[in-house]
Amino acid sequence: MLGLPEAPEPEFPAEHPQLLPARSGRFLTARPDDPQFVSVTEQGGRFYVEREYGLTELTPTADGGWQIGTLEEKLYFLEDRILYRFPSRFLTLKPALPCPEDFLEAGTYLEEETSMTVEFAPADGGLSVRHPRFGTAVLYSAADSPEDAAFSFGPDFTMYVKRGPEGLILDGYRVRGLLCRRV
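Rules behind the numbers
Residues numbered from 1 in each chain as written. Predicted model: local features only at pLDDT ≥ 70, side-chain atom pairs only at ≥ 80, totals over all residues. Heavy atoms only, no water. Salt bridge = Lys/Arg side-chain N within 4 Å of Asp/Glu carboxyl O. Helix = DSSP H or I, 4+ residues; strand = E, 2+ residues; numbered from the N terminus. Buried < 20%, exposed > 50% of the residue type's maximum accessible area, 1.4 Å probe, protein only. Phe/Tyr/Trp six-rings, centres within 6.5 Å; stacked < 30°, edge-to-face > 60°. Lys NZ or Arg CZ within 6 Å of the ring centre and 35° of its normal. Polar contact = N/O pair within 3.5 Å; in protein donor to acceptor, adjacent residues only side chain to side chain. Contact = heavy atoms within 4.5 Å.

Caption draft 1: Representation of the pattern of salt bridges. The final tally for this structure, using the stated rule, is nine salt bridges. When the shortest N-O distance is used, the salt bridge between Arg 31 and Asp 171 registers 2.6 Å. On the criterion of sequence distance, the pair formed by Arg 31 in the loop between β1 (25-28) and β2 (37-43) and Asp 171 in strand β16 (residues 167-172) is long-range, its members being 140 residues apart. With relative accessibility at 28%, the residue Arg 31 sits in the partly exposed group. In this structure Asp 171 comes out as buried when scored by relative accessible area, which is 8%. Arg 176 is the partner of Asp 34 in a salt bridge, and the nearest nitrogen-oxygen pair spans 2.5 Å. Here Arg 176 lies in the loop between β16 and β17 (178-182) and Asp 34 lies in the loop between β1 and β2, a separation of 142 residues in the sequence. Look at Arg 176 and you get exposed, because its relative accessible area is 51%. Salt bridges here are not isolated pairs; linked through shared partners, they connect Glu 112, Glu 166 and Arg 181.

Right, here's the structure in full:
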C-alpha cells in the first residue's frame with residue numbers, strides 16, 4: 001500500500017533445543033535489546049498474553065509456535081526461555097523474577113529534565129515501582145542477569161533500571177540514560 005518493499009521473514013535461530021508447549025510465566029529481555037516484558041497466563045486450559053487492553057489468546061501453529069491473537073507475532077517456548085518472533089526479527093526473553101528488596105535503595109527518585117518521579121518501595125519480599133500516572137508495578141530481573149532490572153506499565157512504558165554512581169539510570173525503547181536522583 002505504501003510502496004515499501006516486502007520485509008523478509010526472520011530466520012528461526014539455527015541453534016535451539018526442543019520446542020515445548022506453552023506455559024504461564026513472566027518473561028523479560030536483557031540488554032542490549034530494548035526492554036520487552038511478556039506475561040503469559042493460563043485460564044481454562046487456554047493461554048493468553050497480557051496486552052494493552054486485556055488478554056490476547058495464544059493459538060498453536062503448525063511450526064510449534066503460538067500466534068498472539070491475529071497479530072503477525074508468535075511465541076516459541078523453550079526450556080529456559082521463549083523466543084518472541086516479530087515480523088522482522090526474534091527477541092529472546094528469559095524467565096523474570098521479582099527483584100529482592102535490597103536491589104536498590106527504596107525511596108522517591110526524580111528525573112529533573114522531565115520532572116518525572118518514580119517511587120521504589122518494598123512489597124511482598126520484593127520491590128514495587130510507583131508512578132503517579134501509571135500506578136504500581138513489580139520490579140523484575142531476568143533469571144540469568146540479576147544486575148539489570150525492569151518494570152512495565154504496559155508495552156509503551158517498559159524500562160530497564162540500573163544503579164549508577166549518582167542515582168538510578170532508566171533505559172527504555174525511545175529514551176536512554178534517564179538519570180533519576182533520590183529526593
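What follows picks up the thread again.
Caption draft 2: Inspection of the packing of aromatic side chains at higher detail. According to the stated counting rule, one finds 11 aromatic pairs in the structure shown. Judged by centre distance (6.0 Å) and plane angle (45°), the rings of Tyr 76 and Phe 90 are tilted. One end of the pair, Tyr 76, is in strand β6 (residues 74-77); the other, Phe 90, is in strand β8 (residues 90-98), and 14 residues separate them in sequence. Each member of the pair, Tyr 76 together with Phe 90, is buried. Plain terms: the ring middles of Tyr 109 and Phe 120 are 5.8 Å apart, the flat faces sit at 80° to each other, and that makes the pair edge-to-face. Note that Tyr 109 is positioned in strand β9 (residues 107-111) and Phe 120 in strand β10 (residues 116-123), a separation of 11 residues in sequence. The residues Tyr 109 and Phe 120 share a single accessibility class, namely buried. The aromatic ring of Phe 103 is capped on one face by Arg 163, whose charged end is 4.8 Å from the ring centroid.

Caption draft 3: Region of interest: the environment of Leu 71. Within the secondary structure, Leu 71 is located in the loop between β5 (66-68) and β6. With 13 residues separating them in the primary sequence, Leu 71 and Leu 58 have C-alpha atoms 10 Å apart.

Caption draft 4: Main features of the side chain of Thr 61. Here Thr 61 lies in the loop between β4 (54-60) and β5. Here the side chain of Thr 61 touches Asp 63 through a polar contact of 2.5 Å, side chain to side chain. Apart from the residues within four sequence positions on either side, Thr 61 is in contact with Trp 66, Gln 67 and Lys 74.

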